[in-house]
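What the coordinates show
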Amino acid sequence: MSSTVFLLLALLLLAAGLSFAVYGVLASSSGAAPFEGRMKTLLLTTAATDPVLLEETVERRYENRYLHALHRVSNLLNPFIPARIRKGVRRQLLMAGLLSWLKEGEFVALQVLFIGLAVLVAMPLFLFLKGSSAAVAIALPALIGFIIAVLPYFFLARQIETRQNEIRRALPDVVDLLVVSVEAGAGFDGALQLVSEKMKGPLAQEFDRALQEMKLGKPRANALRDMAARTGVEEVASFVAAVCQADQLGVGMAQVLRMQTQVIRQKRLYHLREAAQKLTVKLLLPLILCVFPAIMVVVMGPSVLTIMKTMLK
């Protein structure tokens, strides 16, 4: 067991060394023009052709050398990435709030690098365990390689879940502020501006982005629907649908917002009850692995010792 652990550590160090070596080659192969200047030109071009992406591209930190290397790898892989995969990864990055500094091609490049790292770790381990049983020699390297390969997608899924939970928690308070602002005489756009200034978190950032898009000429309904698609939260989509319908039919916005507040809080209560019901199932595995063995030792231990003493006599 100790030799296996030592081999795993050595393989991890080897993989890290190879990763730094690949980065060094990529970083040293840059052209004569400064990379930062080229990226500023790219940002200006992107903002001019697609103003909606201005906020996403301005905050990118390509002066970071690791993002620099990852960007160069993504340029090599871009011609081979299908449009369907690129679109799906882009949507996931939008929902995670990571598209401002990590593009879809770069995430695919990161995934490819992790797959290569998984192969670097799994293959030598398979050769080392080749003399063992077939199940151990195949299952252990495959399991370790799979865990390493899916780490980027696990991180992305975790980031999406965390961001959506933050949006769900903030939505009732945001809608309450919208109701108060609209009933005080402010327009809906002014209420959105107040929310983006007074509130913090991903939902306030999404409202601010929707306002920026409306200032650039996008219709309010389209900007709000795009915001709902970026969050991927059902409550936000329902809220946006109600607001857009009220705007089209000319219904009083304050009344619609107040009704949406009640609906959103009711859905939040349902989510809390659902999470409470799932808690018992989630606690089952820790109880079986940690609590029950200790209880069995305490309960059955004296009886087992007594039986062993009796049999030895």
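Keep in mind that this is a model prediction, so the values were computed, not measured.

A closer look at the overall build of the protein
Helix and strand content of the protein: 13 helices and zero strands. When each of the 313 residues of the protein is scored for burial, the buried share is 33%. Put simply, of all contacts in the protein between residues at least 6 apart along the chain, 66% involve residues at least 24 apart.

Focus on the nonpolar core
If you look at the biggest cluster of nonpolar residues, it comprises 30 residues, and the most contacted ones within it are Leu178, Leu192, Phe207, Val236, Phe239, Val240 and Leu257. Contributing elements (two or more residues each) for this core: helix H8 (151-183), helix H9 (188-198), helix H10 (202-215), helix H11 (220-231), helix H12 (234-249) and helix H13 (253-312). When residues of this core are assigned to their parent elements, the largest contribution, eight residues, is made by H8. Each residue touching Phe239, except ones within four places of it in the same chain, is listed here: Val175, Leu178, Phe207, Leu257, Gln260 and Ile264. Membership of the second largest hydrophobic core comes to 16 residues, among which are Ile81, Leu94, Leu98 and Leu99.

Side note on the pattern of salt bridges
Any two side chains of opposite charge can pair, given that their charged atoms come close. In the structure shown here, the tally under the stated rule is 15 salt bridges. The partner of Arg209 in a salt bridge is Glu213, and the shortest N-O contact between them spans 3.3 Å. One end of the pair, Arg209, and the other, Glu213, are both in helix H10, four residues apart, so they sit about a helical turn from each other. For Arg209, a relative accessible area of 11% translates into the label buried. Of the charged contacts, one joins Lys218 and Asp226 as a salt bridge, the two residues approaching to 2.7 Å between their closest N and O atoms. We classify Lys218 as partly exposed; its relative accessible area is 22%. Through salt bridges with shared partners, a single ionic network connects Arg163, Glu206, Arg209, Glu213, Lys218, Asp226 and Arg230.

Observations regarding H12
Taking 1.5 Å of rise per residue, 16 residues should cover 22 Å, and H12 covers 23 Å from first to last C-alpha, within 8% of that figure. Turning to H12, its buried residues number three or more, namely Glu235, Val236, Phe239, Val240, Ala242, Val243, Cys244 and Ala246. The secondary structure elements touched by the buried residues of H12 are H8, H9, H10, H11 and H13. The positive-phi residue at the C-terminal boundary of H12 is Gly250, with phi of around 80°.

A few points about the packing of helix H5 (residues 83-96) against H11
The contact between H5 and H11 brings their axes to 7 Å, and the two run at 95°. Judged on the interaxial angle alone, H11 and H5 are roughly perpendicular. Residues Arg91, Leu94 and Met95 of H5 lie in contact with H11, whose contacting residues are Ala229, Arg230 and Thr231. Tallied by class, the residues present in the contact of H5 with H11 amount to three nonpolar, one polar and two charged.

Looking at helix H6 (residues 104-128)
Along an α-helix, residues three or four positions apart point the same way, because every turn accommodates 3.6 residues. Between its first and last C-alpha, H6 extends 37 Å over 25 residues, near the 36 Å set by a 1.5 Å rise per residue. When H6 is considered as a whole, its buried residues turn out to be Glu104, Gly105, Glu106, Phe107, Val108, Ala109, Gln111, Ala118, Val121, Ala122 and Leu125.

Brief notes about the environment of Leu203
Looking at the element boundaries, Leu203 is found in helix H10. On a C-alpha basis, the gap between Leu203 and Val236 in space is 9.4 Å, while along the polypeptide they are 33 residues apart.

Here's the deal with the confidence of the model for the protein
Of all residues in the protein, 76% attain a pLDDT of 70 or more, and the chain-wide mean is 75. In this model, residues 25-63 is a region of pLDDT below 50 whose contacts with residues beyond four sequence positions or in other chains number 43 contacts.

Remarks on the environment of Leu177
Within the secondary structure, Leu177 is located in helix H8. C-alpha of Leu177 to C-alpha of Lys198: the two residues are 21 residues apart in sequence and 9.4 Å apart in space. Leaving out residues up to four positions away in the same chain, Leu177 has contacts with Leu194, Val195, Lys198 and Met199.

Looking at the environment of Gln262
As for its position among the elements, Gln262 is in helix H13. Overall, Gln262 belongs to the exposed group, its relative accessible area being 57%. Note: C-alpha distance between Gln262 and Asp176 (86 residues apart in sequence) is 9.9 Å.

Analysis parameters
Residues numbered from 1 in each chain as written. Predicted model: local features only at pLDDT ≥ 70, side-chain atom pairs only at ≥ 80, totals over all residues. Heavy atoms only, no water. Helix = DSSP H or I, 4+ residues; strand = E, 2+ residues; numbered from the N terminus. Buried < 20%, exposed > 50% of the residue type's maximum accessible area, 1.4 Å probe, protein only. Contact = heavy atoms within 4.5 Å. Core = buried A, V, L, I, M, F, W, Y, C linked by side-chain atoms within 4.5 Å. Salt bridge = Lys/Arg side-chain N within 4 Å of Asp/Glu carboxyl O. Expected span 1.5 Å × (residues − 1). Axes fitted to C-alpha atoms, helices over the stretch in contact; angles between N-to-C directions. Parallel < 35°, antiparallel > 145°, perpendicular 65-115°, else oblique. Nonpolar A, V, L, I, M, F, W, Y, C, P; charged D, E, K, R; others polar. pLDDT = per-residue confidence, 0-100.

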